[in-house]
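Descriptive structure summary
Below, each chain spelled out in residue letters.
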Amino acid sequence: MGYTIAQKIIKAHLVSGEMIPGKEIALRIDQTLTQDATGTMAYLEFETMGVPRVKTEKSVAYIDHNTLQSGFENADDHRYIQSVASKHGIYFSRPGNGICHQVHLERFGIPGKTLIGSDSHTPTGGGIGMLAMGAGGMDVAAAMGGGAYYITCPKMYKVNLKGKLKPFVSAKDISLEILRILSVKGGVGAIIEWGGEGIKGLSVPERATITNMGTELGATTSIFPSDDVTREFLSAQGRENDFVPLESDPDAVYDRVIDIDLDTLKPLIACPHSPDNVVTVESLKGTKVDQVCIGSCTNSSLFDMLKVAALLKGKTIKDTVSLSISPGSKQVLTMLSDCGALSDIIASGARLLECACGPCIGMGFSPNSAGVSLRTFNRNFEGRSGTADAGVYLVSPETAVAAALTGEITDPRLLGTMPEVKMPEKFKINDTAVIPPVSESIAESVVIMRGPNIKPFPESKPQENELKATVSLKVGDNITTDHIMPAGAKILPYRSNIPYLSNFCFGVCDKSFPERAKALGVSIVIGGSNYGQGSSREHAALVPMYLGVRAVIAKSFARIHAANLINSGILPLTFKNADDYDKISEGDNLLLTDVFAGMDSGEIALTNETNGEKITLCCSFTDRQKKILKAGGLLAFAKEE
Ligand code: MIC
Ligand code: SF4
């Protein structure tokens, strides 16, 4: 039996375990990336490990999320990350250099290598054939220290593309189509390989749009082969030496195969508040639009921006629409400016934002009250834009421009003829915004700059054999980490201040949660299916841990969040019978007995002491995870070891 692309990379990096779906495997990690919103915590964790120099081939610390400096906090965190990076052998990408995934693709990604990043969209690297995965900060810290990355060996899915995209239909529409087919939980436990004749017509940035948004499927990662298109991209980036060809074996076996016909694909749009709430753009025609945002790690490549500029050239956006443009990197912005395309964008009435995540994470540019915002981004979760009652729709750059010009949702195919967009043969290379670490010989003299915003890491407690606790919150299906630990310009600066952050925990669902959890001291949260989907932010586990949450009982969990709960010493448990979800209410007193034996057998008995119901809970912890939970989290476990 042959191997899939991902299996080939897994095989070459396997430290322990067997490549059997569902079994735990440990992988050697070649590269890591962090961004600032998760990075501060990840480096604090790395520091506690006492490893002087990172053991990876390349580790890069990006500043791209917390770039609004409306107080000292973000600037202090940037300074901390810069100093810690320099001392420990990590490259530092300065604020303004761009969004981590875009820059990493351009300058550092290498086909066939493993990459983990403390950001859920790290799979963007799959666009050049990397095995790139999002992870919690603690896992990234461990990998920097030379530790393996532990995951459940995924199933393999294959998506075959045939045909060719029609004008005004683009890679984003492919992403939305697969979300329509699979839903936000359809990729859980799987790696999605993209292939078929149709991929030949997709450039690396287009492929990266697709692997980026594969995160919204809940997939472990997504990957394209490394072929002539990849070679051309790396060569245009002056990195032809980094090219290695990579493809699946003809007899590779997949657990599921999906076909998509590009010839018949139409412009698509994801409606509020979920990326899989997908319909055709034409079905929403005429809906009034207040705001349009173009950028984010999904759609901010030079190719995307040149298309936008060509479509806006000589035109003026509707006076009722506010349009923002955030190029993905300094390279994109420079080239856009040098060829004059930036002037076409600005002349149309667009507002130029810096090369950063910006509006995607609510870091400015929040919509007006009840505003309709069309965004080329990857997530439209409730409240994420910073405006609680806004309706955010996810679209391609082409559909975004059509809305900006007409003031309403408009099928971009009505814009006329798609102008031809020519990509330059070589990208402009200027890596001066990436600061290399100091040499090992002088690393000791580097002083770590800690600002007053950095508060001590919260202490976690070991799990005990009996857990008696009250339900502090019950939530429904598809709860995202943006529900659990909201982001946005007002809260993100406090990512290294867990006590302050805790005041906002579950703010989107129930503002009284923090007070209630604190009053209870110890509590349990009940969730529906796909609990914790979305980002990799470990804060969605660290903060509940700080508030005394000892277990989350849900119908099912998203991969990274389940790992983060374990790393924080919180038990992620599922209902054996999903209907038992209805037998527990907020405020009920629950008793879990013989927890340790249950961890071994895979079943834990729960008694709802409020209504007398007996419920069986399931878990499947590896030996390592059991030790982590018994120690009270990964850091405590690492210290014990
Ligand atoms: C996101 O897109 O939700 C984020 C912000 O990039 C997160 C990371 C974070 O919360 O800091 C992610 O995707 O992991
Ligand atoms: Fe940044 Fe948005 Fe991408 Fe997250 S999804 S890394 S916030 S641009």
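Below, the structure is looked at part by part. (Residues numbered from 1 in each chain as written. Chains lettered and ligands numbered in written order. Predicted model: local features only at pLDDT ≥ 70, side-chain atom pairs only at ≥ 80, totals over all residues. Heavy atoms only, no water.)

In the vicinity of ligand 1 lie 14 residues, with D119, S120, R384, S536 and R537 positioned nearest. Between ligand 1 and Q35, the relevant distance is 2.9 Å, taken from an oxygen atom to a side-chain nitrogen or oxygen of the residue. Measuring from an oxygen atom of ligand 1, one finds a backbone N or O atom of S536 at 2.7 Å. Contact with the protein chains removes 97% of the 330 Å² of surface that ligand 1 exposes when unbound. (Near = heavy atom within 4 Å. Polar contact = N/O pair within 3.5 Å; in protein donor to acceptor, adjacent residues only side chain to side chain. Areas by Shrake-Rupley, 256 points an atom, 1.4 Å probe, with all protein chains shown as cover.)

Judged by nonpolar contacts, the single largest core of 98 residues is most densely connected at F506 and Y531. Excluding residues within four positions of it along the chain, F506 makes contact with L473, V475, I479, H483, I484, P486, K511, F513, V525 and Y531. One finds L33, F243, L405 and V434 within the second-largest nonpolar core, a separate group that totals 59 residues. (Core = buried A, V, L, I, M, F, W, Y, C linked by side-chain atoms within 4.5 Å. Buried < 20%, exposed > 50% of the residue type's maximum accessible area, 1.4 Å probe, protein only. Contact = heavy atoms within 4.5 Å.)

All right, on to the side chain of T480 then. By the secondary structure assignment, T480 is in the loop between β21 (467-474) and α13 (481-484). With sequence-adjacent residues up to four places away left out, T480 is seen in contact with F381 and Q533. (Helix = DSSP H or I, 4+ residues; strand = E, 2+ residues; numbered from the N terminus.)

The next thing to look at is the sheet that holds strand β9 (residues 155-162). Strand order across the open sheet formed by 4 strands is β11-β10-β9-β12, with parallel pairing between neighbours. What marks the edges here is a single partner per strand, and that holds for β11 (221-223) and β12 (256-261). Across the sheet, the mean angle from the axis of one strand to that of its neighbour is 20 degrees, orientation sign disregarded. Bridge analysis of β9 against strand β10 (residues 190-195) gives 6 bridges, and the strand direction is parallel. Considered in β10, the bridge of V159 is made with W194. Together, β9, β10 and β12 form the strand contacts of helix α6 (residues 171-182), whose direction differs from that of β12 by roughly 135 degrees. (Pairing = 2+ DSSP bridges. Axes fitted to C-alpha atoms, helices over the stretch in contact; angles between N-to-C directions.)

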